[in-house]
Amino acid sequence: MRQRKERRISRAFYIGRFQPYHIGHHTVLSSIADQVDEIVVGIGSAQRSHEIENPFTAGERVVMISRSLKDLDIDYYVIPIEDIQRNAVWVSHVKSMTPHFDLAYTNNPLVFRLFEEAGIRVQRSPMYQRETYSGTAIRERMIAGVGWDHLVPVAVARTIEEVGGIERLQEVARDDVE
Ligand code: ATP
Ligand code: MG
């Protein structure tokens, strides 16, 4: 007879575009890591890249996030998820691409609503210094050539440097106005 009951692993889901992954996201995931056994990070708008709002490819974002999460004591999966332009079936789309998860964390009202309607447990994640840590603000700094690397985990800055991310963003931003 078995003495010990196996405890089922609890797995949480968290989604963003992560253009780029920054310290606000990392703070949220650090706190989620204290509450569950495994994390599934969905990279939204995975098909988008080389745009002012979406400079980095899904693959580059996988690297940024995977390297950053190594610092946390948690098992994780980082999964690109393309847009489907059909909110009513978006949760099924997400589930088709991810390992099973028990709950989702988000502060996006639409995402919250869609998970709730699909019967998935969902919790609000708090904002961490949003004026400072925001993808839009970081991209603006990158375009303007103002310091930005203190706003992202060290591993993210290294990844962006490796792929020539700043030059790329400045170039696509130039194309847009000239
Ligand atoms: P963008 O300005 O490009 O929209 P973002 O900073 O909002 O970038 P997203 O990838 O859109 O980043 O965000 C993913 C999730 O992280 C969203 O639900 C967003 O509200 C949340 N988030 C963004 N910034 C913070 C922050 N500083 N603290 C906590 N959560 C954040
Ligand atoms: Mg956002």
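The rules we used
Residues numbered from 1 in each chain as written. Chains lettered and ligands numbered in written order. Predicted model: local features only at pLDDT ≥ 70, side-chain atom pairs only at ≥ 80, totals over all residues. Heavy atoms only, no water. Helix = DSSP H or I, 4+ residues; strand = E, 2+ residues; numbered from the N terminus. Contact = heavy atoms within 4.5 Å. Patch = residues over 30% accessible without salt bridge, like charges linked within 9 Å, V, L, I, M, F, W, Y side chains within 5 Å. Areas by Shrake-Rupley, 256 points an atom, 1.4 Å probe, with all protein chains shown as cover. Salt bridge = Lys/Arg side-chain N within 4 Å of Asp/Glu carboxyl O. Lys, Arg positive; Asp, Glu negative; His and termini not counted. Charge placed at Lys NZ, Arg CZ, Asp CG, Glu CD. Buried < 20%, exposed > 50% of the residue type's maximum accessible area, 1.4 Å probe, protein only. Pairing = 2+ DSSP bridges. Right-handed = clockwise from strand over helix to strand, strands pointing away. Core = buried A, V, L, I, M, F, W, Y, C linked by side-chain atoms within 4.5 Å.

Moving on: the side chain of Thr-106. Mapping Thr-106 onto the fold places it in strand S4 (residues 103-106). Beyond its immediate stretch of four places on either side in the chain, Thr-106 contacts Val-111, Phe-112, Val-122, Gln-123, Arg-124 and Ser-125.

To continue, consider a negative patch on the surface. Taken together, the side chains of Asp-149, Glu-161, Glu-167 and Glu-171 define an acidic patch exposed on the protein surface. Along the chain, Glu-167 falls in helix H7 (residues 165-177).

Attention now moves to the pairing of strand S2 (residues 38-43). By the criterion of burial, S2 is predominantly enclosed, with six of the six residues buried. For strand S1 (residues 11-16) and S2, the ladder comprises six bridges, and the chain directions are parallel. The partner of Tyr-14 across the bridge, within S2, is Val-41. At this point the chain moves from S1, through helix H1 (residues 23-33), to the parallel S2, and the crossover so formed is right-handed.

The biggest cluster of nonpolar side chains holds 32 residues, and the ones touching the most others in it are Leu-29, Ile-32 and Ile-65. With four residues, H1 is the largest single contributor of residues to this core. Not counting chain neighbours up to four residues away, the residues in contact with Leu-29 comprise Tyr-14, Tyr-21, Ile-39, Val-41, Leu-69 and Leu-72. Residues Phe-13, Ile-79, Phe-101 and Ile-120 belong to the second largest nonpolar core, which totals 16 residues.

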